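An overview of the molecular structure
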Amino acid sequence: MNIKEQIEKIVKNGAAIIAFDYTKKDGTVSRRNGIVGYTPFGERAWGVHSSRSIVVSQNGEEFVTVKTNNDAGESAVDGHAYKSFNIAQISNFTCKRGQ
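This text gives an overview of the structure that appears in the document. (Residues numbered from 1 in each chain as written. Predicted model: local features only at pLDDT ≥ 70, side-chain atom pairs only at ≥ 80, totals over all residues. Heavy atoms only, no water.)

What about the side chain of S57?
Spelled out, the test is: The way it works is that DSSP assigns letters per residue, a run of H or I at least four long becomes a helix, a run of E at least two long becomes a strand, and they are numbered from the N terminus. Throughout this description, buried means an accessible area under 20% of the type-specific maximum (1.4 Å probe, protein chains only), exposed means over 50%, and partly exposed covers the range between. Pairs of N or O atoms are called polar contacts if they sit within 3.5 Å, as long as, within protein, a hydrogen donor faces a hydrogen acceptor (for residues adjacent in sequence, only side-chain-to-side-chain pairs). By definition in these notes, contact holds between two residues if any of their heavy atoms fall within 4.5 Å.
Position of S57 relative to the elements: it lies in strand β4 (residues 54-57). Looking at S57, the relative accessible area reads 8%, which means it is buried. In this structure the side chain of S57 is engaged in a polar contact, spanning 2.4 Å, whose partner is the side chain of N59. In contact with S57, other than residues within four places in its own chain, are W46, G47 and F63.

Observations concerning the pairing of β4
Short version of the rule: Strand pairing is assigned whenever DSSP detects at least two bridges linking the two strands.
Pairing between strand β3 (residues 47-49) and β4: three bridges, direction antiparallel. Looking at the pairing, V48 lines up with V56 of β4.

Some thoughts on unusual backbone geometry
One non-glycine residue, N92, lies in the positive phi region at around 50 degrees. If you trace the backbone, N92 turns up in strand β7 (residues 90-95).

Considering the environment of E61
If you trace the backbone, E61 turns up in the loop between β4 and β5 (62-68). What makes E61 partly exposed here is its relative accessible area of 36%. Sequence separation of E61 and I87 is 26 residues, and the distance between their C-alpha atoms is 8.1 Å. With residues up to four places along the chain from it excluded, the contact list for E61 reads V55, V56 and N86. Engagement of the side chain of E61 in a polar contact is seen with the side chain of N86, the distance being 3.2 Å.

Observations concerning the pairing of strand β2 (residues 29-36)
When a strand is regular, its side chains alternate between the sheet's two faces. Of the two faces of β2, the one lined by S30, R32, G34 and V36 is fully buried and the one lined by V29, R31, N33 and I35 carries no buried residue. Across eight bridges, the pairing between strand β1 (residues 16-23) and β2 is antiparallel. Across the sheet, T23 pairs through a bridge with V29, a residue of β2. Counting the residues between successive antiparallel strands, the hairpin from β1 to β2 contains five residues, one of them, G27, with a positive phi of roughly 95 degrees.

Re the pattern of salt bridges
In plain terms, the rule: Any carboxyl oxygen of Asp or Glu within 4 Å of a side-chain nitrogen of Lys or Arg constitutes a salt bridge here.
The full count for this structure, using the stated rule, is two salt bridges. When the shortest N-O distance is used, the salt bridge between K4 and E62 registers 2.8 Å. Here E62 lies in strand β5 and K4 lies in helix α1 (residues 3-11), a separation of 58 residues in the sequence. On the accessibility criterion, K4 (26% relative accessible area) is partly exposed. For E62, a relative accessible area of 28% puts it in the partly exposed group. Put simply, D21 and R31 hold a salt bridge, and the shortest N to O gap is 3.1 Å. In this pair, D21 is assigned in strand β1 and R31 in strand β2, connecting sequence segments ten residues apart. Given a relative accessible area of 18%, D21 falls into the buried group.

Just distances and angles here, no functional claims.
Right, here's the structure in full:
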């Protein structure tokens, strides 16, 4: 089962915490974690939601939208921010529920 299928299976039952390694454009890898499976909060300027967590960009790439748990900076309040991650750059995907 690929990552998109795993996410779709997870969000059928509501929100869940996931974790994954994300390879950035510069080649560095960071461990990310957050929540998927909430009601989408509106259309993206660069794509549309195809499910409660998957966004398809205008050029057809697929992204997972996550309420992150481990972010810092001005855009993150108490370590939380809504971010989208390219599914093609995700590895070592885990979720305790839904698999």
